[in-house]
Every structure is written in structure tokens, then in C-alpha cells.
Amino acid sequence: MSVGESATRRIELTLHRPWFALYAGVKPTLIIEGRGQPVQWGIGTWQVPSDRTAVLGVFLFNRLWRFGEAEFALEPDDTASLAYQAPALPFRRGRIRLKGAPGH
């Protein structure tokens with residue numbers, strides 16, 4: 001590694017939307033370390049630092065307001081598989097959990 005580079009690892013994030021939601025055509029935005037990027041529903045992989053805590057966030061935007069926000073601080077020793085659950089209502093928060101954690 002050159003100076004300024006940090007070790008990285010790949011994580012898997014599954015983005016779930018409810019089968020019934022009071023909004024349509026909304027796609028999630030993923031934020032890793034403060035950088036946002038539009039993403040698709042389903043399973044995706046992303047690169048995060050492996051030697052320090054990485055903060056991941058997800059939100060939904062329907063042209064009027066943001067909703068479904070959730071944030072997770074992924075520690076270096078956490079499993080590399082997470083899941084985001086979007087809310088059914090466009091004014092509620094979402095959830096991000098480690099896959100296999102209680103309640104998932």
C-alpha cells in the first residue's frame with residue numbers, strides 16, 4: 001500500500017423495500033464515509049475501510065423530502081453482511097442491521 005491508502009474490505013448490503021409501501025418509484029441512496037451514491041433495491045457489494053469504523057447510511061428521497069433514514073457504524077470485526085429495511089410509510093425511519101443479528 002502506498003502512503004495515504006488504507007486497507008479495505010468488501011461488504012454486502014441487502015436493501016429491502018416492503019411489499020406494500022405508501023410510495024412508489026423511490027430508490028435508495030447509500031452514504032459511505034460521507035459520500036452518497038444512488039443504488040438499487042436488492043443485494044450489492046461495496047468497499048469500506050477494514051482497519052477502522054466505517055459509517056454507512058441509507059435514505060430515500062421522493063422529490064419532496066428525505067425519509068427512511070438509517071445509519072450504522074460498522075466496526076472492523078463486524079460481519080461483512082448487512083441488511084437495510086425501508087419503512088412502509090414515507091415519514092418513518094429505516095433500519096440497518098447486521099445479517100444474522102437478533103431481530104433480523
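Attention in this report is confined to the structure presented alongside it. (Residues numbered from 1 in each chain as written. Predicted model: local features only at pLDDT ≥ 70, side-chain atom pairs only at ≥ 80, totals over all residues. Heavy atoms only, no water.)

### Things to note about the side chain of Thr14
For Thr14, the position within the fold is in strand E1 (residues 8-16). Residue classification places Thr14 among the buried positions, given a relative accessible area of 7%. The residues touching Thr14, leaving out its near neighbours within four places in the chain, are Gly42, Ile43, Leu82, Ala83, Tyr84 and Lys99. (Helix = DSSP H or I, 4+ residues; strand = E, 2+ residues; numbered from the N terminus. Buried < 20%, exposed > 50% of the residue type's maximum accessible area, 1.4 Å probe, protein only. Contact = heavy atoms within 4.5 Å.)

### Remarks on the sheet that holds strand E3 (residues 35-38)
Pairing is antiparallel across the open sheet formed by four strands, whose spatial order is E3-E2-E5-E6. For this open sheet the edge positions go to E3 and strand E6 (66-74), each flanked by a neighbour on one side alone. Strand after strand, the sheet turns through a mean of 20° between neighbouring axes, direction not considered. Looking at chain direction, strand E5 (residues 54-61) and E6 are connected through seven bridges and run antiparallel. Along E6, the bridge assignment pairs Phe61 with Arg66. (Pairing = 2+ DSSP bridges. Axes fitted to C-alpha atoms, helices over the stretch in contact; angles between N-to-C directions.)

### Digging into the pattern of salt bridges
Tallied over the entire structure, the rule returns three salt bridges. Across the pair Arg66 and Glu69 runs a salt bridge whose closest N-O atoms are separated by 2.9 Å. A residue is classified by how much of its surface remains accessible, and Arg66, at 42% relative accessible area, is partly exposed. (Salt bridge = Lys/Arg side-chain N within 4 Å of Asp/Glu carboxyl O.)

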